[in-house]
Amino acid sequence: MGMSDVIMEKNYINGQWQAGDGETIAVINPSTEKPIGHFHETSADDVDRAVTAACDAFPAWSALPGAERANYMRKMTAAIRANMDDLVVMQMANCGKPRSEAEADIVGSVDCIDYFADRAEELDARQQTPIDYDIPGYRSATRLEPMGPVGFILPWNFPMKICSWKLGPALAAGCTVVIKPSEVTPFTDTFWGKAAELAGLPAGVLNVVNGRGAITGAALSSHPGLRKISFTGSTSTGKAIMQAAAEDVKNIGLELGGKSPILVFEDADLDLAARLAVEGVFYNSGQCCNATGRLLAHESIKEDLTTKIEELYKAVVLGTPDTPGMTMGPLASKPQYDKVTGYQDIAREEGLNCLTGGGRAVQFNTGYFVEPTLYTDVPKSSRLWNEEIFGPVLCLRSFSSENEAIAEGNDTEYGLAATIVTEDESRAERVAAQLDAGHIYTNVSVAIPPETSWGGFKQSGIGRELGPWGLSGFLEVKTVTSRG
Ligand code: NDP
């Protein structure tokens, strides 16, 4: 079976499974704090072999008709579907996610690759597109060409799913790839290598190298053989990757952090608003780039909304993913647990008004569990109001006018997502137009279909994933101007 120890320990380079040549790294189950496997880190030499394989495979892969690349991609999704149960179980064990969330990750990955397989077929028809202008004796047409071999550096919060957002458009465009999963959650992302093998993808088109960011990730982001690095993770690592890419003017795609607001107006349906606020910061235990950790409530409904939110907090069932009825798991790693509990400590030092939670979940002897936490009347100057926490921590402030709500919503270095809750459609449109964020939700839960766009304003990143914009991110535009 696909998730066997053999695959778990190895890299996939040029169509071969082989162990990395570096240190042995244990992979931890965050519910038990026990190892569930290990892998051997990939050195810069092995990263170089993977990039060379991707470079060698590029001419033939990019020359295939889009329809043939689409066939391979659909065989890959068939391989994932055939191993769905094992992948879901691994996602639960390695990330601590509830089954429903683990399933959503893997199903979402398959849907995304299938969506981009359709786009690969359409690409053939988009070649030789004439450009309309009026200079006598001239005519021009564009060609769309794949960028070349590309590298992905992946996070641990949505393994497989975030990779699919990069892999789908890259393979569809005709790029070859080298994938570096997060060291925290390497196994389901390494399965992309197995899916490539089962689909009969030509050797070198898809390679997987495992290792830590500072060793394997740094070797990948500075490798001159790649034409693009697509990265999802923290803003600070994004800056390091941008600097490494500057050396040989690589393209970059950066999907970085966020501190997304949810704005609840005085005319909102408060049951809906409470549900959206809680879902927005509890999904995946709050470890989402788009977590709506900044709740802005109109002063007239603040008390009622807070009461409803507290009720929903009481319904949360913390537990390991195999606990019946659990709704929230542990944080994914010890460093993330230390970070979130560190913010709870800072909140105490800052004297924040904590309505519920505020500490470690002491009922668990093992596992990285924290209490779902709610702070109200958080001052603007608070670190918890301004910094990305990446845990189940909601901070609330009130506002007195629409303009104030918009100004506070935008008062952050980030701009990934925002949620608006109002029954007034014209207000929803007006506010959406003024918020600086890449994806705005009005009166709905966060959903990210592959047809939409994903990516941020300001320090939330550069470029857009998904939809036609995601595909463009792996294509070069070439104009051919001739006599005519
Ligand atoms: P990082 O941004 O450090 O890690 C993300 C990826 O980058 C991992 O694959 C990591 O490797 C790799 N990496 C780290 N350093 C380098 C480097 N110098 N060169 C190339 N690659 C590198 O995130 P963390 O895991 O440390 O999480 C810290 C915080 O980042 C979170 O608390 C959260 O705020 C934010 N974050 C945001 C995400 C998002 O969806 N936008 C996703 C994950 C985190 P490795 O893990 O193997 O070291």
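Rules used in this analysis
- Residues numbered from 1 in each chain as written.
- Predicted model: local features only at pLDDT ≥ 70, side-chain atom pairs only at ≥ 80, totals over all residues.
- Heavy atoms only, no water.
- Axes fitted to C-alpha atoms, helices over the stretch in contact; angles between N-to-C directions.
- Helix = DSSP H or I, 4+ residues; strand = E, 2+ residues; numbered from the N terminus.
- Left-handed = near helix turned anticlockwise from the far one by under 90°.
- Contact = heavy atoms within 4.5 Å.
- Nonpolar A, V, L, I, M, F, W, Y, C, P; charged D, E, K, R; others polar.
- 1 Å grid on protein atoms, 1.4 Å probe; cavity = no way out; pocket = protein on both sides within 12 Å on 5 of 7 lines; lining within 4 Å.
- Points joined across faces, edges and corners; volume = space filled by probe spheres on them.
- Domains from an automatic or database assignment.
- Salt bridge = Lys/Arg side-chain N within 4 Å of Asp/Glu carboxyl O.
- Buried < 20%, exposed > 50% of the residue type's maximum accessible area, 1.4 Å probe, protein only.
- Pairing = 2+ DSSP bridges.
- Right-handed = clockwise from strand over helix to strand, strands pointing away.
- Expected span 1.5 Å × (residues − 1).
- Buried area = accessible area lost by both parts, 1.4 Å probe.
- Near = heavy atom within 4 Å.
- Polar contact = N/O pair within 3.5 Å; in protein donor to acceptor, adjacent residues only side chain to side chain.
- Areas by Shrake-Rupley, 256 points an atom, 1.4 Å probe, with all protein chains shown as cover.
- Sits in = over half its atoms within 2 Å of the grid points.

Brief notes about the packing of helix 14 (residues 402-410) against helix 15 (residues 425-434)
Move 1: Two numbers describe how helix 14 lies on helix 15: the axes approach to 10 Å, and their chain directions differ by 35°. Both helix 14 and helix 15 take part in a crossing whose hand is right-handed. Along its contact with helix 14, which presents E402, I406 and N410, the element helix 15 presents R427, R430, V431 and Q434.
Move 2: A class-by-class count of the residues in the contact of helix 14 with helix 15 yields two nonpolar, two polar and three charged.

Regarding the layout of surface pockets
Empty space among the atoms becomes visible once a probe the size of a water molecule is rolled across them.
Move 1: Put simply, the largest pocket is a space of about 1,100 Å³.
Move 2: Forming the boundary of the largest pocket are 49 residues, of which W156, S182, G233, S234 and T237 lie nearest the centre.
Move 3: Listed by contribution, the elements that provide at least two residues to the lining of the largest pocket are strand 3 (24-29), helix 8 (213-221), strand 10 (228-232), helix 9 (235-246) and helix 12 (334-350).
Move 4: Broken down by element, the residue count for the lining of the largest pocket peaks at seven residues, all from helix 9.
Move 5: Considering only residue class, the lining of the largest pocket consists of 23 nonpolar, 16 polar and 10 charged.
Move 6: When we break the lining of the largest pocket down by domain, the ones giving at least three residues each are domain 1 (3-256 + 460-483) and domain 2 (261-449).
Move 7: Taken as a whole, the second largest pocket holds about 720 Å³ of empty space.
Move 8: In terms of lining, the second largest pocket is formed by 35 residues, of which the most central are E279, G280, F282, Y283 and V446.
Move 9: Counting only elements with at least two residues in the lining of the second largest pocket, the list comes to helix 5 (99-123), helix 6 (161-173) and helix 10 (270-282).
Move 10: With six residues, helix 10 is the single largest residue contributor to the lining of the second largest pocket.
Move 11: Domain assignment of the residues forming the lining of the second largest pocket places at least three in each of domain 1 (3-256 + 460-483) and domain 2 (261-449).

A short note on the pattern of salt bridges
Opposite charge on two side chains allows them to pair when their charged atoms are near.
Move 1: Counted by the stated rule, this structure contains 29 salt bridges.
Move 2: Between D345 and R348 there is a salt bridge; the shortest N-O distance is 2.6 Å. With D345 and R348 both in helix 12 and three residues apart, the pair spans about one turn of that helix.
Move 3: Taking relative accessible area as the criterion, D345 reaches 27% and is therefore assigned partly exposed.
Move 4: Salt bridges linked by common partners bring E266, D267, E402, R427 and R430 together as one network.

A short note on the pairing of strand 13 (residues 294-298)
Move 1: Burial runs high along strand 13: five of the five residues are buried.
Move 2: Both faces of strand 13 are covered, namely the face carrying R294, L296 and H298 and the face carrying L295 and A297.
Move 3: Here strand 12 (residues 261-264) pairs with strand 13 via four bridges, running parallel. Counterpart to L263 in the pairing with strand 13 is L296.
Move 4: Handedness of the crossover joining strand 12 and strand 13 through helix 10: right-handed.
Move 5: Bridge count between strand 13 and strand 16 (residues 393-399): five bridges; the pairing is parallel. Residue H298 lies in a different strand from strand 16, and its bridge partner there is F399.

Points about helix 12
An α-helix turns once every 3.6 residues. As a result, residues three or four positions apart point the same way.
Move 1: In a regular helix each residue adds 1.5 Å, so 17 residues correspond to 24 Å; helix 12 covers 24 Å between its end C-alpha atoms and thus fits that length.
Move 2: Burial in helix 12 covers these residues: Q336, Y337, V340, T341, Y343, Q344, I346 and A347.
Move 3: Buried residues belonging to helix 12 abut strand 15 (373-376), helix 13 (383-386) and strand 16.
Move 4: One or two steps after helix 12, the chain reaches G351, where phi turns positive at roughly 70°.

Here's the deal with the domain arrangement of the chain
Move 1: Here the chain is partitioned into domain 1 (3-256 + 460-483) and domain 2 (261-449).
Move 2: Summarising the inter-unit geometry, the C-alpha centres of domain 1 and domain 2 are found 31 Å apart.
Move 3: Taken together, the 24 residues of domain 1 in the interface contact 27 residues of domain 2.
Move 4: In this assembly, domain 1 packs against domain 2 so that about 2,100 Å² is buried in total across both faces, 58% of it on carbon and sulfur atoms.
Move 5: Linking domain 1 to domain 2 there are zero salt bridges.

Section: the site of the ligand
Move 1: By nearness alone, 26 residues border the ligand, and L154, W156, S234, K339 and E388 come closest of all.
Move 2: At 2.9 Å, a backbone N or O of L256 approaches a nitrogen atom of the ligand.
Move 3: Q336 is positioned with one of its side-chain polar atoms (N or O) 2.8 Å from an oxygen atom of the ligand.
Move 4: Computed on the free molecule, the ligand has an accessible area of 870 Å², of which 84% lies beneath the protein chains in the complex.
Move 5: In this structure, the ligand is accommodated by the largest pocket.
Move 6: Broken down by secondary-structure element, the contributors of at least two residues to the shell around the ligand are helix 8, strand 10, helix 9 and helix 12.
Move 7: In terms of residue count, the dominant contributor to the shell around the ligand is helix 8 (three residues).
Move 8: Looking at the shell around the ligand, its residues break down into 10 nonpolar, 10 polar and six charged.

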